[in-house]
Amino acid sequence: MAIAKAERLMNLALCLMNTRRPLSKKELRESIEAYREAWQQGSEDAFNRMFERDKDDLRELGLVIDVDENALDGEIGYLARRDRNRLPEIALDAEEAAALSVAARVWQQAKMSGAASGALQKLRAAGVPFTDDAEPGALQPRIPAREAAFEPLLVAARDRRPVAFEYRKAGAATAEPRSVEPWALECWRGHWYLAGWDRDRQDARVFRLSRITGKVRSRAGSFTGAVPEHVDVRAVVASFAGEGATATATVRLRRGAGFPLRTKALSARQVDGDWDELEIPYGNGLGADLAEFGPDLLVLGPEELRADVIDRLRAVAGLKGADSDGLDEAGAAV
């Protein structure tokens, strides 16, 4: 069975790489004997499942397979262009190889760990001078990716496939549908973020993976927006979090609460036994972050930030007719 599968994968790879135009599943079925037998002895569904598994396996092995939605009178076509599947000779010095080895050990979840290990094996076969694993007891970096949306978004960004998901903005009571062309994923201050093109808003957006609800669904078609040559997810997230902002805001924070906010404070003073007053950087999206602290935070200024936080708290609590001063006196609408 292992030999038969390896032969089938090889035949599929050869078909996809030795054609000048995209091939439909029907054409591939007629060209590869194993597919033809599966279709004749089983059913169309059996062939489709076998083909999808083989296609995913080839991608895991590093083959870049392009998908053309309208290649053959509306049928989906598949093609592995040689220029996208040809790598230059890999030459790494000992320090570069060591850096890759450390990076491969970063991943904790099984799927990414297996992919990283497989990549190292291929590079070793190419003669890259990897050293042995780190000594027992040595400190090693780890990057957790516990969000269910991580792996499907990583695959979609790699394959340049649009996605759809439900997203709950900070301070919002319910999630809303989003249609996104994923560019890149990055971890910043313990949270994973996705940068991409929001089709509904026709603008670049950043999404925190922990706020994605439900499943990430792959969508048909190709990207409509241009993908930047370099996507600095961290810089975009930092700007929305107030990093590098020239303006400041003044808030009161309950004693013993809001430690992440305290690390950003430019100054802080004790007001009484229950409250501290902080001056913090004020940038885009700060209102959404402040609303998450609920009754432990009061915004003193500027006025537009105070109004933004109150509106968000009203939305969460369903107090659309509530008096804003009443919300401020209570600390939050929760």
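Structure first, text after, so check above.
Here goes a summary of the coordinates provided. (Residues numbered from 1 in each chain as written. Predicted model: local features only at pLDDT ≥ 70, side-chain atom pairs only at ≥ 80, totals over all residues. Heavy atoms only, no water.)

**What about the packing of helix α3 (residues 33-41) against helix α4 (residues 44-60)?**
Between α3 and α4, the least distance of the axes is 7 Å, while the angle of their chain directions is 150°. It follows from the interaxial angle that α3 and α4 lie roughly antiparallel. Relative to α4, α3 is oriented so that their crossing is right-handed. In this structure, α3 contributes A34, Y35, A38 and W39 to the contact, and α4 contributes E44, A46, F47, M50, F51 and D54. (Axes fitted to C-alpha atoms, helices over the stretch in contact; angles between N-to-C directions. Helix = DSSP H or I, 4+ residues; strand = E, 2+ residues; numbered from the N terminus. Parallel < 35°, antiparallel > 145°, perpendicular 65-115°, else oblique. Left-handed = near helix turned anticlockwise from the far one by under 90°. Contact = heavy atoms within 4.5 Å.)

**Examining the pairing of strand β5 (residues 191-198)**
The element β5 is extensively covered by neighbouring structure, given that seven of its eight residues are classed as buried. Here strand β4 (residues 176-188) folds back onto β5, and the loop between the two strands holds two residues, one of which, R189, carries a positive phi near 55°. Sheet topology note: the β5/strand β6 (residues 203-208) ladder contains six bridges and is antiparallel. Counterpart to A195 in the pairing with β6 is V206. The antiparallel hairpin formed by β5 and β6 contains four residues in its connecting segment, where Q202 sits at a positive phi of about 50°. (Buried < 20%, exposed > 50% of the residue type's maximum accessible area, 1.4 Å probe, protein only. Pairing = 2+ DSSP bridges.)

**Quick notes on the environment of S210**
Residue placement: S210 occurs in the loop between β6 and β7 (212-218). Spatially, the C-alpha atoms of S210 and R146 are 9.0 Å apart, while their sequence positions differ by 64 residues. Side-chain polar atoms of S210 contact the side chain of R208, separated by 3.0 Å. (Polar contact = N/O pair within 3.5 Å; in protein donor to acceptor, adjacent residues only side chain to side chain.)

**Focus: the pattern of salt bridges**
According to the stated counting rule, one finds 24 salt bridges in the structure shown. A salt bridge links R255 to D276; the nearest nitrogen and oxygen atoms lie 3.2 Å apart. Of the two residues, R255 is situated in the loop between β8 (247-254) and α9 (259-262) and D276 in strand β10 (residues 275-282); the sequence distance between them amounts to 21 residues. Between D276 and R262 there is a salt bridge, and its shortest N-O distance comes to 3.0 Å. One end of the pair, D276, is in strand β10; the other, R262, is in helix α9, with 14 residues separating them in the sequence. The buried category is assigned to D276, whose relative accessible area is 9%. In this structure, a network of salt bridges that share partners links the residues E176, R178, D198 and R201. (Salt bridge = Lys/Arg side-chain N within 4 Å of Asp/Glu carboxyl O.)

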